[in-house]
Amino acid sequence: MAGALGPRAAALAPALREALSGTDGDTTPALDTDTPLAEALWRVTGDADAAVAVLDSVFARAEQNPWSRWSVVRAARATALLGPAGRPLAARLEAALDDPTQAAAAVLALEAVGEPASLDRTALAEAALRSAESDADPEGACDAWKHSAPTR
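Residues numbered from 1 in each chain as written. Predicted model: local features only at pLDDT ≥ 70, side-chain atom pairs only at ≥ 80, totals over all residues. Heavy atoms only, no water.

## A look at the pattern of salt bridges
Note the cut-off: Each salt bridge in this description consists of a side-chain nitrogen of Lys or Arg and a carboxyl oxygen of Asp or Glu lying within 4 Å of one another. Numbering of helices and strands runs from the N terminus, with a helix taken as a DSSP run of H or I at least four residues long and a strand as a DSSP run of E at least two residues long. To sort residues, take the accessible area from a 1.4 Å probe on protein chains only and compare it with the maximum for the residue type: under 20% means buried, over 50% means exposed, and anything in between is partly exposed.
One pass over the full model with this rule turns up eight salt bridges. One salt bridge in this structure joins E63 and R92, with 3.0 Å as the shortest N-O distance. Residue E63 is located in the loop between α4 (48-62) and α5 (69-82), and its partner R92 is located in helix α6 (residues 90-96); the two are separated by 29 residues in the primary sequence. Owing to a relative accessible area of 23%, R92 belongs among the partly exposed residues under this scheme. The network of salt bridges with common partners includes D56, E63 and R92.

The structure is reproduced here in structure tokens:
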């Protein structure tokens, strides 16, 4: 809700930061709480560095938790909202391309944050196709494939 208010909720920024679970919270609920908090901080403060730091932490903690596949999907979707400001998370997103459940969101996020000339559209389209074939996130995979398919 604070994120929807944008800068008008600036007084809530300290409370949003305080609500973050920190590096000790590696459970799925902690990851799934920190991701929307990062998004809210971005929308309220416009501080991309803070949002990137929180999302980087979510990606790092998710690597330690085999139940966090969908937490990575949510973090990738939040990263996409940052646009080019989320570019420091490109390596985290690229790592998610190998998992069909995570690939569609990672492709869309890479499209949003990446330098257009440096994107390997063929590799992104292949990751989206693998995601669609696995039926892990069919709608997301179709969206990702549409955005990443190389033009002929």
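## Here's the deal with the nonpolar core
Test applied: Here, the term nonpolar core denotes a set of buried Ala, Val, Leu, Ile, Met, Phe, Trp, Tyr and Cys residues that are joined through side-chain atoms within 4.5 Å. We call two residues in contact when some of their heavy atoms are within 4.5 Å.
In terms of nonpolar packing, the biggest core is built from 34 residues, with L55, F59, L93 and L97 touching the most fellow members. Elements with a contribution of two residues or more to this core: α3 (28-45), α4, α5, α6, α7 (100-113), α8 (121-134) and α9 (138-148). Take this core: its biggest share by element is eight residues, from α7. Filtering out sequence-adjacent residues up to four positions away, L55 remains in contact with T35, A38, A75, A78, T79, L82 and L89. Counting eight residues, the second-largest nonpolar core is a separate cluster that includes A2, A13, L16 and V44.

## Concerning the packing of α4 against α5
Our working rule: Axes, fitted as lines to C-alpha atoms, cover a helix only where it is in contact. Angles between the N-to-C directions of the axes lie from 0 to 180 degrees. Orientation labels follow simple angle bins: below 35 degrees gives roughly parallel, above 145 gives roughly antiparallel, 65 to 115 gives roughly perpendicular, and whatever is left gives oblique. Helix crossings get a hand from a simple test, with the near helix turned counterclockwise from the far one by less than a right angle marking a left-handed crossing and a clockwise turn marking a right-handed one. Note that Gly is not counted as nonpolar here; it falls among the polar residues with everything else outside the nonpolar set of Ala, Val, Leu, Ile, Met, Phe, Trp, Tyr, Cys and Pro and the charged set of Asp, Glu, Lys and Arg.
Two elements in contact, α4 and α5, have axes separated by 10 Å at closest approach and are oriented at 160°. Judged by the angle between their axes, α4 and α5 are roughly antiparallel. The hand of the α4/α5 crossing is left-handed. Residues A51, V52, L55, V58, F59 and A62 of α4 form the contact with α5, whose own contacting residues are V72, A75, A76, A78, T79 and L82. Its residues assigned to classes, the contact of α4 with α5 comprises eleven nonpolar, one polar and no charged.

Read these as layout, nothing more, since geometry by itself doesn't imply function.
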